[in-house]
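Here is how the chains run, residue by residue.
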Amino acid sequence: LTDQDGNGTPDYVDEVGVIADSAHHVLVDILGYEEESFDGDGGYDIYVMSYGSGSYGYTYAGGDGTSWIQIDNDYLGYDLPPIKIMQISLGHEYFHAIHFGYRSTLGSNSYFYEMSAMWFEDVLIPDGNDYLNDWADPFLEDPTASFDNTGNGYELALFGHYLSSFLDPKGAIDVYQSTIIREMWERFGATNVSAFSAVQHVLDGENYSLTFIEAWIDFIGRNLYNGKYENMENSIYYYEDQALISPISTSLQPLNGDLSFNLSLDDKSVAIASYTVSELNSTIGVTHSISEYSGKIAMVSTTADNDGNNLFSSSDTTFSNSTNDIHFIYGTENQVSTMEVSVSLCQSMQMGDLNGDCDWTILDVVVLI
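Here is a short report on the structure shown in this document. Remember, predicted model here, so these are calculated numbers, not experimental data.

Quick notes on the rules
Residues numbered from 1 in each chain as written. Predicted model: local features only at pLDDT ≥ 70, side-chain atom pairs only at ≥ 80, totals over all residues. Heavy atoms only, no water. Phe/Tyr/Trp six-rings, centres within 6.5 Å; stacked < 30°, edge-to-face > 60°. Lys NZ or Arg CZ within 6 Å of the ring centre and 35° of its normal. Buried < 20%, exposed > 50% of the residue type's maximum accessible area, 1.4 Å probe, protein only. Helix = DSSP H or I, 4+ residues; strand = E, 2+ residues; numbered from the N terminus. Pairing = 2+ DSSP bridges. Contact = heavy atoms within 4.5 Å. Salt bridge = Lys/Arg side-chain N within 4 Å of Asp/Glu carboxyl O. Axes fitted to C-alpha atoms, helices over the stretch in contact; angles between N-to-C directions. Patch = residues over 30% accessible without salt bridge, like charges linked within 9 Å, V, L, I, M, F, W, Y side chains within 5 Å. Areas by Shrake-Rupley, 256 points an atom, 1.4 Å probe, with all protein chains shown as cover. Lys, Arg positive; Asp, Glu negative; His and termini not counted. Charge placed at Lys NZ, Arg CZ, Asp CG, Glu CD. Core = buried A, V, L, I, M, F, W, Y, C linked by side-chain atoms within 4.5 Å.

So, on to the packing of aromatic side chains. Counted by the stated rule, this structure contains 43 aromatic pairs. Taken together, the ring pairs in this structure connect Tyr 111, Phe 139, Phe 147, Phe 159, Tyr 162, Phe 166, Phe 196, Phe 212, Trp 216, Phe 219 and Tyr 238 into an aromatic cluster. The positively charged end of Lys 268 is found above the aromatic ring belonging to Phe 196, 4.9 Å away from the centroid.

As a further point, take the pairing of strand 8 (residues 294-300). Among the seven residues that make up strand 8, seven are buried, leaving the element largely enclosed by the rest of the structure. Side chains Ser 294, Lys 296, Ala 298 and Val 300 project from strand 8 onto one buried face, and the interleaved Gly 295, Ile 297 and Met 299 project onto a second face that is buried too. In the sheet, strand 8 pairs with strand 11 (residues 325-331) via seven bridges, with the strands oriented antiparallel. Across the sheet, residue Ser 294 finds its bridge partner in strand 11, namely Gly 331.

Assignment of secondary structure puts Gln 242 in the loop between helix 9 (212-222) and strand 4 (252-254). Setting aside its immediate chain neighbours within four residues, Gln 242 contacts Arg 222, Asn 223, Asn 226, Gly 227, Ile 236 and Tyr 237.

Within the structure shown, the criterion is met by six salt bridges. For Lys 84, the salt bridge identified is with Asp 127, shortest N-O distance 3.0 Å. Of this pair, Lys 84 sits in helix 2 (residues 82-102) while Asp 127 is found in the loop between helix 3 (110-124) and helix 4 (137-141), placing the two residues 43 residues apart along the sequence. Under the relative-accessibility criterion, Asp 127 is labelled exposed at 51%. One salt bridge connects Lys 296 with Asp 218, and the closest N-O pair in it is separated by 2.6 Å. Of this pair, Lys 296 sits in strand 8 while Asp 218 sits in helix 9, placing them 78 residues apart in sequence.

Attention now moves to the sheet that holds strand 2 (residues 57-63). The strand order 1-3-2 describes an open sheet built from three strands, whose pairing is mixed. In this open sheet, the two strands that pair with only one neighbour each are strand 1 (46-49) and strand 2. Direction aside, the axes of adjacent strands within the sheet are offset by 20 degrees on average. Its contacts with the sheet place helix 2 against strand 1, strand 2 and strand 3 (66-72), and it is angled at close to 20 degrees to strand 2.

In this section: a negative patch on the surface. On the surface, Asp 79, Asp 134, Glu 141 and Asp 142 cluster together into a negatively charged patch. Along the polypeptide, Asp 79 turns up in the loop between strand 3 and helix 2. Using a relative accessible area of 74% as the deciding quantity, one classes Asp 79 as exposed.

As for its placement among the helices and strands, Ser 178 is situated in the loop between helix 6 (169-173) and helix 7 (180-190). Judged by relative accessible area, Ser 178 falls into the buried class, the value being 7%. In contact with Ser 178, not counting residues within four places along its chain, are Leu 31, Ser 164, Asp 168 and Gly 171.

Before going further, it helps to spend a moment on the nonpolar core. Counting residues in each nonpolar core, the largest one holds 84 residues, and the members touching the most others are Tyr 33, Phe 120, Phe 147, Leu 203 and Trp 216. By residue number, the principal contributor to this core is helix 2, which donates ten residues. If near-sequence neighbours (up to four positions away) are discounted, Phe 120 is found in contact with Ala 23, Val 26, Leu 27, Leu 31, Gly 91 and Phe 95.

The next thing to look at is the environment of Pro 247. Positionally, Pro 247 belongs in the loop between helix 9 and strand 4. Relative accessible area serves as the criterion here: at 38%, Pro 247 is assigned to the partly exposed category. Taking C-alpha positions, Pro 247 is 14 Å from Asn 309, a pair spaced 62 residues apart along the chain. Apart from the residues lying within four places of it in its own chain, the contact partners of Pro 247 are Leu 140, Asn 223, Leu 224 and Asn 226.

Here it is in structure tokens:
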């Protein structure tokens, strides 16, 4: 209840009002979302009360799109200063207030609400990064889970940044100019479709012209390089906070010769096969048993200089290997497909000669840059 400025309102409540106004301004006036629904008493209701550590806040639906927010009165027990945690929490919950104006029945789509709210709290308070404090772990530790079943949705904030700051050309210049997530909410709110269908519809539209699975594969692949670079001065990172987190978890197997493996593919998740190649400067050939797939090959260096890092589209192809770890990342636009991937390893190539002493036919050659 401290009131150091003597204006008759506790300083903490003043700070709550400031960040609430900021969240409203960014969401409605800048990002273009519909204003939150009011309950007729002259404004939007935010209640300040005592919660224990770990309870950030709640947004409750009141019917007809209306809602109210309840937040903690001190936010003690967190790694960040209490005011910073309050700002992050209120920004998150304020977006939920906006969400309920679009659709207030969450059902199986609650992950989409949390994905976008976690994304927005980092847009509003970019120096907070609380969204990375264990919240991203379910995704990082299980990257092959279905998009709509990676956890509660909090872990998908990184995909929000991929969409708004990388895939949307307007957001790549200035995230406040991005419209892609709003477009998804407009589709989701105006129809009875699932959140996943709304995401698919927007990505496959005239503004972006790619399928969800193509975007998801690319996003997953870029998270193999988390922590590799210190800034955005590379062609792989989609967001600067990748420098602060660990790469997605994969199970590396040795690649010492020719092999083949089967992958079960669908349109909501990726299948990943990861290998360590002990023989550098070798040649690798890849063929696939079906043509109806989307895929990326990620070459991830284990050296400090990141020499050889590269991410490129997978096809029946041959490429020169200059890194230790190679990841094959696949999905399909079909609901379910099974694909066999054959990998040929030639360890006796001559420098400058991709055929070397290999006894298999060289396919289209991928030039890595």
